[in-house]
Amino acid sequence: MKTDSSVQDGILFVRLSGDLIGSPDTQQLLQSVDQHLGDELRHCAVDLSGIRYINSTGIGVLVSLLTKFRSRGGEMLLINPADHPRKMLALTKLNAIFSVADDETAATQQLKSSN
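Residues numbered from 1 in each chain as written. Predicted model: local features only at pLDDT ≥ 70, side-chain atom pairs only at ≥ 80, totals over all residues. Heavy atoms only, no water.

Let's shift gears to the nonpolar core. Core analysis: the largest hydrophobic core is formed by 26 residues, its most contacted members being V46 and M76. Of all the elements in the fold, those that place two or more residues in this core are strand 2 (11-20), helix 1 (24-37), strand 3 (43-54), helix 2 (56-71), strand 4 (75-79) and helix 3 (83-91). Counting eight residues, the second-largest nonpolar core is a separate cluster that includes I11, F13, A45 and L111. (Core = buried A, V, L, I, M, F, W, Y, C linked by side-chain atoms within 4.5 Å. Buried < 20%, exposed > 50% of the residue type's maximum accessible area, 1.4 Å probe, protein only. Helix = DSSP H or I, 4+ residues; strand = E, 2+ residues; numbered from the N terminus.)

Here is the structure:
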């Protein structure tokens, strides 16, 4: 899995590609997010458009990230999940928990309005 992150307008954008499964990559992702949390960020958008496959460990990582931001009084949403991640979210009924945006612009608008 490849991870790219940046901060724009006070929002942490995390762009993922490849497979979101249990591996050292998921630990690096969580550590990277934790480092940004020190910057007083309260909002995060995770782009799943490049994720081909996600398993239960990957779902757990997303739930962990959501918990981190909500416990800080913030929010996390998903950007344009690809077909398999979208199906997994529906199968686990987590599509009712996660907000989804079509693109980074829509994500920014949704997160700014959640303040």
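This part covers the pairing of strand 3. Pairing geometry for strand 2 and strand 3, over nine bridges, is parallel. Paired with L12 across the bridge in strand 3 is C44. Both strand 3 and strand 4 contribute to a ladder of five bridges, which runs parallel. From the neighbouring strand, H43 faces strand 4, where its bridge partner is E75. For the handedness criterion, the β-α-β arrangement of strand 3, helix 2 and strand 4 is classed as right-handed. (Pairing = 2+ DSSP bridges. Right-handed = clockwise from strand over helix to strand, strands pointing away.)

Take the pattern of salt bridges next. Within the structure shown, the criterion is met by six salt bridges. As a salt-bridge pair, R52 and D19 come within 3.2 Å of each other at their nearest N and O atoms. Of this pair, R52 sits in strand 3 while D19 sits in strand 2, placing them 33 residues apart in sequence. By relative accessible area, R52 is classed as exposed at 58%. For D19, a relative accessible area of 25% translates into the label partly exposed. Among the salt bridges present, the one from R70 reaches E75, with a minimum N-O distance of 3.1 Å. On the accessibility criterion, R70 (38% relative accessible area) is partly exposed. Taken together, the salt bridges that share partners define one network made up of D4, R15 and E104. (Salt bridge = Lys/Arg side-chain N within 4 Å of Asp/Glu carboxyl O.)

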